[in-house]
Amino acid sequence: MTPNINVVILLFASIFTGNIVLSYFLGLCSFISISKDLKSSNGLGLAVTFVLTISVAICYVILKYILKPFDLEYLRFIVFIIVIAAVVQILEMLIERMSSALYISLGIFLPLITVNCAILGVVLFMEIRKYDFLQTLFFSIGSGIGWWIAILALAAIRRKIENAPVPAGLKDAGITLIIIGLMAMAFMGFSGMLSVQ
Amino acid sequence: MEYKFLFDSLVIAGISTILALLIIIVDSIVNNYGEVTISINDNKKVIKAKGGSSLLTTLSAERIFIPSACGGRGTCGACKVIVTTDIGPVYPTEKPFMDKSELETNTRLSCQIKVKQDVSIKIPEELFLIKKIKARVEKITDLTHDIKEIIFKFNEGVDFSFKAGQYVQLEIPPYEKIKDFTQRAYSISSAPKIKDKIELLIRLVPGGILTTYVFKFMKEEMEFDIIGPMGDFIVRENNSVMICGAGGSGMAPIKSIIEDMIDNNIKDREIWYFFGARSASDQFYIEKFRSYEKILPNFHYVPMISESESGDRWKGEKGMITTVMDKFLKTKIDKNAPREGYLCGSPGMIDACVKIMKDNGIKEENIYYDKF
């Protein structure tokens, strides 16, 4: 059964209360490494949102009109990954053509969006929660924006503490993980506002 | 039941095909840069080519060969060109090969940058002289268990002029699991006086693509493409004492340099040549160089081995090349005369020798080397 949720509420819920990275801890690798630099964080956030929206929409169509009618759901993981990989390939070509500076600064993390677990996570949530197409669309856009906002916030905080006297053992990844933990707790504050599951 | 599996596979194949087609379509639209113009050395030569490939391959398709010891994989840093058009920031893959002044003059690695627009570049004039020609393997000789001396003969009428110390790139066809043509750089070990042949020394590198081919498949009478000559590892014409150091197949350019001196009758220059090998059976050309010592009165050949095996009848120097070189620099070679270093061998050996030479007062700018 399709859950009865307003799409606008779903959009905000997936940005704040159910933030894909801060509530579900998906897509952490690039979240940690790219957040060193605010500008590339912005680029990667945009790229992830783009890939997420397009690939989740394609996956929805394939799931509903091909996999389900032919009783092929057991193959869905392979299909989802192929779709995501293809979308990332196309995005990579577009970015290389349009902004070589961004292409360079994203480096290996651009092709690695393919294995960004946030994207496969959203695709699987879409299936488990039985969203309809419109809800799927808003849910994936929201999750993308949520990831984008989170990486921007983290990059901004990291820039702020760049010169802070962090103990040697906690430098870089260590303090970043602590910050992410604190951010996740802060985002928990949103959970009273909206709740959709 | 078994038909269901076939059907499922077909559906997956269908989905993959559609996505692949989509990628191909986007690729043909997005990566189509059309025809671009490359202007070399202020319009001295202008080429029109299809955009989208690396500058190195685009130029070599137009028969302009930028030196590239690694064959365009971005590991040797040899294929530098100056790009005067703004083509965006330097890639992280280029940075390790650039010093500050090169970054300021917009020097780029031609194998790493794609030609996406009209560009103007600057390359040294002598690169126009580099040619790609066919050569036939005339003779293969085993010098040691892992070094072969290979003589390539050019076709009638070819005049292959080069300077002693320069190198060529040898191209081999695909074989076994290697699907592409492979190029690697080898110093010429014969003297420039011989213009219809060149001699290369090739040492087997375990797992090396080209050297494995040479040792397993290269036979006499086979034909290969040779690109060259390239490189600036040449003798500076002055009167300073030449201190040469080499190991293994690093012998090649220095042999060429010494033979060139014999051919040109340069007898007064003092030359010390330290040649290191692991054991006596890894030493070669000893008699040849002893005979050169008789022709050139100021040439001293110092072969050495680093392993002291029991029952070894080795009479010469023992120890690492750095130890022996240090000893000679301190005791036998005039410290007050101007001295120059010429080194060829593995990066580790060169770095160690450069350090020893600097410790003994030879200026770094007077030490020349080819790292392969």
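Anything mentioned here points back to the structure above.
Residues numbered from 1 in each chain as written. Chains lettered and ligands numbered in written order. Predicted model: local features only at pLDDT ≥ 70, side-chain atom pairs only at ≥ 80, totals over all residues. Heavy atoms only, no water.

**Details of the overall build of chain A**
Alright, step 1. In terms of regular secondary structure, chain A is built from eight helices and zero strands.
Alright, step 2. For chain A, the N- to C-terminal ordering of α and β elements is α-α-α-α-α-α-α-α.
Alright, step 3. When the 197 residues of chain A are sorted by exposure, 48% land in the buried category.
Alright, step 4. Looking at chain A alone, contacts between residues at least 24 apart form 78% of all its contacts between residues at least 6 apart. (Helix = DSSP H or I, 4+ residues; strand = E, 2+ residues; numbered from the N terminus. Buried < 20%, exposed > 50% of the residue type's maximum accessible area, 1.4 Å probe, protein only. Contact = heavy atoms within 4.5 Å.)

**Remarks on the overall build of chain B**
Alright, step 1. For chain B, the helix and strand inventory stands at eight helices and 17 strands.
Alright, step 2. Residue burial in chain B is summarised as follows: out of 372 residues, 47% are buried.
Alright, step 3. When contacts within chain B are restricted to residue pairs at least 6 apart in sequence, those whose partners lie at least 24 apart make up 68%.
Alright, step 4. Accessible area for chain B stands at about 18,600 Å²; split by element, carbon and sulfur atoms hold 54% of it. (Areas by Shrake-Rupley, 256 points an atom, 1.4 Å probe, with all protein chains shown as cover.)

**Re the side chain of Arg184(B)**
Residue and element names in this part refer to chain B.
Alright, step 1. Inspection of the secondary structure puts Arg184 in strand S9 (residues 182-187).
Alright, step 2. Despite being buried, Arg184 has no salt bridge partner; Glu171 is the closest side chain of opposite charge, sitting 9.9 Å away.
Alright, step 3. For Arg184, the contacting residues outside a window of four places in its chain are Ala69, Cys70, Arg73, Val168, Gln169, Leu170, Ile209 and Leu210. (Lys, Arg positive; Asp, Glu negative; His and termini not counted. Salt bridge = Lys/Arg side-chain N within 4 Å of Asp/Glu carboxyl O.)

**A look at the sheet that holds S9(B)**
Residues and elements named next belong to chain B.
Alright, step 1. With antiparallel pairing, the six strands of this open sheet are ordered in space as S9-S8-S11-S6-S7-S10. Unpaired on one side and paired on the other, S9 and strand S10 (197-203) mark the two borders of the sheet. Strand-to-strand twist of the sheet, defined as the mean angle between neighbouring strand axes without regard to direction, takes the value 40°.
Alright, step 2. Together, strand S7 (147-154), strand S8 (167-172), S9, S10 and strand S11 (223-230) form the strand contacts of helix H4 (residues 209-216), whose direction differs from that of S9 by roughly 80°. (Pairing = 2+ DSSP bridges. Axes fitted to C-alpha atoms, helices over the stretch in contact; angles between N-to-C directions.)

**What about the sheet that holds strand S2 (residues 45-50) of chain B?**
All names here are of chain B.
Alright, step 1. The sheet built from five strands is open, its strands ordered S2-S1-S5-S3-S4 with mixed pairing. For this open sheet the edge positions go to S2 and strand S4 (107-109), each flanked by a neighbour on one side alone. The sheet shows a mean angle of 40° between the axes of neighbouring strands, direction not considered.

**A word on the pairing of strand S14 (residues 299-305) of chain B**
All names here are of chain B.
Alright, step 1. Extensive coverage of S14 is indicated by the burial of six of its seven residues.
Alright, step 2. Examined bridge by bridge, strand S13 (residues 271-277) and S14 share seven bridges and lie parallel to one another. Across the sheet, residue Tyr273 finds its bridge partner in S14, namely Tyr301.
Alright, step 3. Handedness of the crossover joining S13 and S14 through helix H6 (residues 286-295) is recorded here as right-handed.
Alright, step 4. In the sheet, S14 pairs with strand S15 (residues 317-318) via two bridges, with the strands oriented parallel. Looking across to S15, one finds that Ile305 is bridged to Lys318. (Right-handed = clockwise from strand over helix to strand, strands pointing away.)

**Notes on the pairing of S7(B)**
All names here are of chain B.
Alright, step 1. The buried fraction of S7 is high, at eight of eight residues.
Alright, step 2. In this sheet, S7 lies alongside strand S6 (residues 131-142) in antiparallel orientation, the contact comprising seven bridges. Paired with Thr141 across the strands is Glu149, a residue of S7.
Alright, step 3. In textbook terms, the turn of a hairpin is the stretch between consecutive antiparallel strands, and for S6 and S7 this stretch comprises four residues.
Alright, step 4. By the bridge criterion, seven bridges tie S7 to S10 in an arrangement that is antiparallel. Opposite Ile151, over in S10, you have Glu199 as the bridge partner.

**Observations regarding the side chain of Asn19(A)**
All names here are of chain A.
Alright, step 1. Checked against the element boundaries, Asn19 lands in the loop between helix H1 (7-15) and helix H2 (28-34).
Alright, step 2. By relative accessible area, which is 0% here, Asn19 ends up buried.
Alright, step 3. Separated by 3.0 Å, the side chain of Asn19 and the backbone oxygen of Ile15 make a polar contact.
Alright, step 4. In contact with Asn19, other than residues within four places in its own chain, are Ala13, Ser14, Tyr24, Gly146, Trp147, Ala150 and Phe187. (Polar contact = N/O pair within 3.5 Å; in protein donor to acceptor, adjacent residues only side chain to side chain.)

**Quick look at the interface of chain B and chain A**
Alright, step 1. Facing 21 residues of chain B, the contacting portion of chain A comprises 20 residues.
Alright, step 2. Taking both partners together, chain B and chain A bury about 1,900 Å²; carbon and sulfur atoms supply 76% of that area.
Alright, step 3. The partner of Glu96(A) in a salt bridge is Lys114(B), and the shortest N-O contact between them spans 3.2 Å.
Alright, step 4. Applying the counting criterion to the chain B and chain A interface returns six residue pairs in polar contact (both at pLDDT 80 or more).
Alright, step 5. Taken together, the residues of the side of chain B that touches chain A sort by class into 13 nonpolar, three polar and five charged. (Buried area = accessible area lost by both parts, 1.4 Å probe. Nonpolar A, V, L, I, M, F, W, Y, C, P; charged D, E, K, R; others polar.)

**Details of the nonpolar core**
Alright, step 1. Residues Leu22(A), Phe31(A), Leu44(A), Val51(A), Ile113(A) and Trp147(A) are the most contacted members of the largest nonpolar core, which totals 59 residues.
Alright, step 2. Elements that contribute at least two residues to this core include exactly H2, helix H3 (38-67), helix H4 (76-98), helix H6 (117-128), helix H7 (133-160) and helix H8 (173-188) of chain A together with helix H1 (2-30) of chain B.
Alright, step 3. The greatest single-element share of this core, amounting to eleven residues, is contributed by H3(A).
Alright, step 4. Ignoring sequence-local partners within four residues, the contact set of Ile113(A) consists of Leu44(A), Ala47(A), Val48(A), Val51(A), Ile84(A), Val88(A), Leu91(A) and Ile119(A). (Core = buried A, V, L, I, M, F, W, Y, C linked by side-chain atoms within 4.5 Å.)

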